[in-house]
Amino acid sequence: MKQKYDYVIVGGGLAGASAIEGIRSLDRNRTVLLAGADPNPPYDRPPLSKQLWTGKKKPEQIFLHDDAWYREAGVDLRLGTTVRELDVSDKVIVLEGGERIEYGKLLLATGGQPRRLTAPGGDLPRIRYFRTYDDYRWLRERATPGARAVVVGGGFIGSEIAAALSLNGVKVTMIFPEPYIAQRVFPEGLGRAVQDEYRSRGVTVLAGDIPVSFEETGKAIVVRTREGRDLEADFAVAGIGIVPGISLALGAGLASNGVVPGGGIRVNEFLATSNPDVYAAGDNASFPAKALGDMIRIEHWDNALAQGKAAGRNMAGAGEPFEYLPYFFSDLFDFGYEAAGLVDARLPTRAVWKKENETGVVYYQRDGVVKGVMLCNVWGKVDEARRVISAGARVEETDLQTAIAV
Ligand SMILES: Cc1cc2nc3c(=O)[nH]c(=O)nc-3n(C[C@H](O)[C@H](O)[C@H](O)COP(=O)(O)OP(=O)(O)OC[C@H]3O[C@@H](n4cnc5c(N)ncnc54)[C@H](O)[C@@H]3O)c2cc1C
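Conventions and cut-offs
Residues numbered from 1 in each chain as written. Predicted model: local features only at pLDDT ≥ 70, side-chain atom pairs only at ≥ 80, totals over all residues. Heavy atoms only, no water. Helix = DSSP H or I, 4+ residues; strand = E, 2+ residues; numbered from the N terminus. Rg over C-alpha atoms; globule rule 2.2 N^0.38 Å. Buried < 20%, exposed > 50% of the residue type's maximum accessible area, 1.4 Å probe, protein only. Contact = heavy atoms within 4.5 Å. Areas by Shrake-Rupley, 256 points an atom, 1.4 Å probe, with all protein chains shown as cover. Polar contact = N/O pair within 3.5 Å; in protein donor to acceptor, adjacent residues only side chain to side chain. Core = buried A, V, L, I, M, F, W, Y, C linked by side-chain atoms within 4.5 Å. Near = heavy atom within 4 Å. Expected span 1.5 Å × (residues − 1). Arc of directions from axis to C-beta. Pairing = 2+ DSSP bridges. 1 Å grid on protein atoms, 1.4 Å probe; cavity = no way out; pocket = protein on both sides within 12 Å on 5 of 7 lines; lining within 4 Å. Points joined across faces, edges and corners; volume = space filled by probe spheres on them. Salt bridge = Lys/Arg side-chain N within 4 Å of Asp/Glu carboxyl O. Phe/Tyr/Trp six-rings, centres within 6.5 Å; stacked < 30°, edge-to-face > 60°.

Draft legend 1. Quick look at the overall build of the chain. Counting secondary structure elements, the chain contains ten helices and 25 strands. Compactness check: the chain gives a C-alpha radius of gyration of 22 Å against a globular reference of 22 Å for 406 residues, within 12% of the reference. Principal-axis analysis of the C-alpha atoms gives the chain an extent of 60 × 55 × 40 Å. Every one of the 406 residues in the chain was classed for burial, and the buried ones make up 53%. In the chain, of all internal contacts separated by at least 6 residues, the share reaching a separation of at least 24 is 60%. When the accessible surface of the chain is split by element, carbon and sulfur atoms take 48% of a total near 17,700 Å².

Here it is in structure tokens:
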């Protein structure tokens with residue numbers, strides 16, 4: 001392996017892998033290294049909580065590229081390798097074993113780490129913080145019909161994992177502090193309807209409660225809750241959000257967005273940090289979203305894909321501003337949705353339903369202007385949703401009936 005590369009990518013997730021494509025779309029020749037802590041080559045995370053549990057995908061299908069692709073792209077992969085330090089004055093990264101590698105341009109595509117439970121016993125081996133392919137394999141081994149699971153968290157990961165386990169015959173108890181599932185994105189009526197669906201499928205949903213301790217007793221784990229319940233299970237899974245991977249940037253003195261809770265590495269419209277040779281992209285980056293008029297950090301697949309590619313192109317000299325409207329998707333049992341723009345349940349919403357809380361479109365508005373759209377079991381309309389938001393028009397109730405046909 002070389003000790004000097006023109007481009008170094010830290011992090012072998014979606015943003016890191018997409019950056020290779022971005023770089024190679026402009027520069028076929030200069031040297032590229034991708035160093036990632038995960039021992040597996042870059043893969044897609046969404047199937048870990050969805051299609052791998054419904055049989056729609058097999059594990060080998062989640063990998064973004066095969067070995068030949070990386071060889072043909074002329075990229076050196078250092079997997080299972082954690083980068084411990086970044087020195088921006090010498091333009092060097094230091095690997096965990098002490099090895100030093102020089103870079104010309106560097107991308108921090110370090111994603112995020114699962115947030116940990118702070119309650120006593122939160123580190124017990126029967127609790128898994130769900131993020132990686134290895135976490136999926138751990139869970140798969142234990143998810144036998146009749147097994148008992150406690151799922152902590154009612155956001156994206158918690159609700160998807162609870163549905164996935166339940167579909168595979170596991171007896172699931174969900175616990176989370178909010179009054180209903182995915183409260184951050186669903187308006188109340190929809191959130192409660194989805195929650196009812198979970199209950200009708202046999203999932204025990206303990207909304208408005210939290211674990212206060214975990215204890216292992218022989219072959220089980222007991223989760224004690226604030227409301228005084230003792231939940232016995234074979235294993236527990238936690239999906240309570242991520243902490244963005246900003247430690248290398250902070251250690252190197254690069255500006256972060258630290259004043260914002262959960263803030264990421266601050267980048268400009270070209271995805272460069274305060275150091276012009278260091279870029280950031282994906283779950284860890286706070287970037288200016290012109291269409292929404294804010295600095296935002298997004299933890300979604302489509303953003304990691306687009307931003308990684310854009311960062312790669314800019315590292316290779318494209319000089320293109322990153323203009324992007326957020327997009328994401330999720331599947332919860334039979335309820336699937338796609339969402340574009342600012343989908344934040346704190347905003348006033350209006351909905352047009354073909355079938356209430358099942359099939360229809362929810363519009364999220366700020367000052368009477370549509371800022372976000374959620375397409376519930378409505379497919380193939382994402383471009384229309386983007387157009388409605390980008391138009392920035394004030395959309396009155398009567399117009400909503402025709403804005404996107406359901
Ligand atoms: C189970 C699951 C389901 C999801 N489902 C959806 C979905 O349905 N829709 C959607 O829009 N989004 C979904 N997401 C979110 C989406 O997958 C993420 O937004 C995306 O993976 C972010 O990509 P990333 O490359 O920024 O970060 P990551 O995928 O986290 O990759 C970062 C990589 O950097 C590595 N790394 C970190 N620090 C270092 C270091 N110091 N040295 C070396 N390597 C390091 C990590 O090991 C990791 O491999 C899901 C996420 C999960 C976990």
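Draft legend 2. A look at the environment of Glu197. Topologically, Glu197 is positioned in helix α6 (residues 188–200). Between the alpha carbons of Glu197 and Val8 there is a distance of 46 Å; along the sequence they are 189 residues apart.

Draft legend 3. The side chain of Ser286, seen in detail. Checked against the element boundaries, Ser286 lands in strand β19 (residues 285–289). Here Gly264 takes part through its backbone nitrogen, which lies 3.0 Å from a polar atom of the side chain of Ser286.

Draft legend 4. Broad picture of the nonpolar core. The biggest cluster of nonpolar side chains holds 116 residues, and the ones touching the most others in it are Leu108, Leu165, Phe186, Tyr198 and Met374. Contacts of Tyr198, omitting those with residues within four sequence positions, involve Ser159, Glu160, Ala162, Ala163, Met174, Ile181, Val203, Val205, Leu332 and Phe333.

Draft legend 5. Fine view of the site of the ligand. Contacts to the ligand come from 34 residues, most closely from Arg45, Lys50, Val83, Arg131 and Asp283. In this structure, an oxygen atom belonging to the ligand sits 3.1 Å away from a main-chain N or O atom of Leu14. Within the backbone of Ala15, an N or O atom sits 2.9 Å from an oxygen atom of the ligand. If the ligand stood free it would expose 1,000 Å²; the protein chains cover 92% of that surface. Among the elements of the structure, α1 (14–24), α5 (156–167), α8 (301–315) and β21 (327–332) are those that each provide at least two residues to the shell around the ligand.

Draft legend 6. Main features of α6. An ideal rise of 1.5 Å per residue puts 18 Å on 13 residues; α6 measures up with 18 Å between its terminal C-alpha atoms. Those residues of α6 that fall on the buried side of the exposure criterion are Leu190, Gly191, Val194, Gln195 and Tyr198. Projected down its long axis, α6 carries its buried residues within an arc of 135°, all on one side.

Draft legend 7. Region of the structure containing the sheet that holds strand β20 (residues 294–297). Taken in spatial order, the three strands line up as β17-β19-β20 in an open sheet, and their pairing is mixed. Two strands close off the open sheet at either side, each with one partner strand: β17 (265–266) and β20.

Draft legend 8. View of the layout of surface pockets. Considered as a void within the structure, the second largest pocket measures approximately 260 Å³ in volume. Forming the walls of the second largest pocket are 17 residues, and the residues nearest its centre are Lys50, Thr54, Lys56, Asp331 and Phe333. Of all the secondary-structure elements, those providing two or more residues to the lining of the second largest pocket are α2 (51–54), α5 and β21. Tallying contributions element by element places α5 first for the lining of the second largest pocket, with four residues.

Draft legend 9. Quick look at the pattern of salt bridges. Following the criterion strictly, the structure yields 27 salt bridges and no others. Note that Arg137 and Asp134 form a salt bridge whose closest N and O atoms lie 3.0 Å from each other. Pair noted here: Arg137 and Asp134 are both in helix α4 (residues 133–142), with a separation of three residues, about one helical turn. Taking relative accessible area as the criterion, Arg137 reaches 41% and is therefore assigned partly exposed.

Draft legend 10. Looking closely at the packing of aromatic side chains. Scanning all chains against the criterion turns up 17 aromatic pairs. The interplanar angle of 75° and the centroid separation of 6.1 Å between the aromatic rings of Tyr43 and Phe63 together place this pair among those described as edge-to-face. Here the residue Tyr43 occupies a position in the loop between β2 (32–35) and α2, and Phe63 occupies one in the loop between α2 and α3 (67–72), the gap between them amounting to 20 residues. Look at Tyr43 and you get buried, because its relative accessible area is 4%. Summarising the aromatic geometry, the rings of Tyr133 and Tyr136 are spaced 6.2 Å apart at their centres and angled 10° between planes, so their arrangement reads as stacked. Of the two residues, Tyr133 and Tyr136 are both situated in helix α4; the distance of three residues between them amounts to about one turn of the helix. Neither Tyr133 nor Tyr136 differs from the other in exposure class; each is buried.

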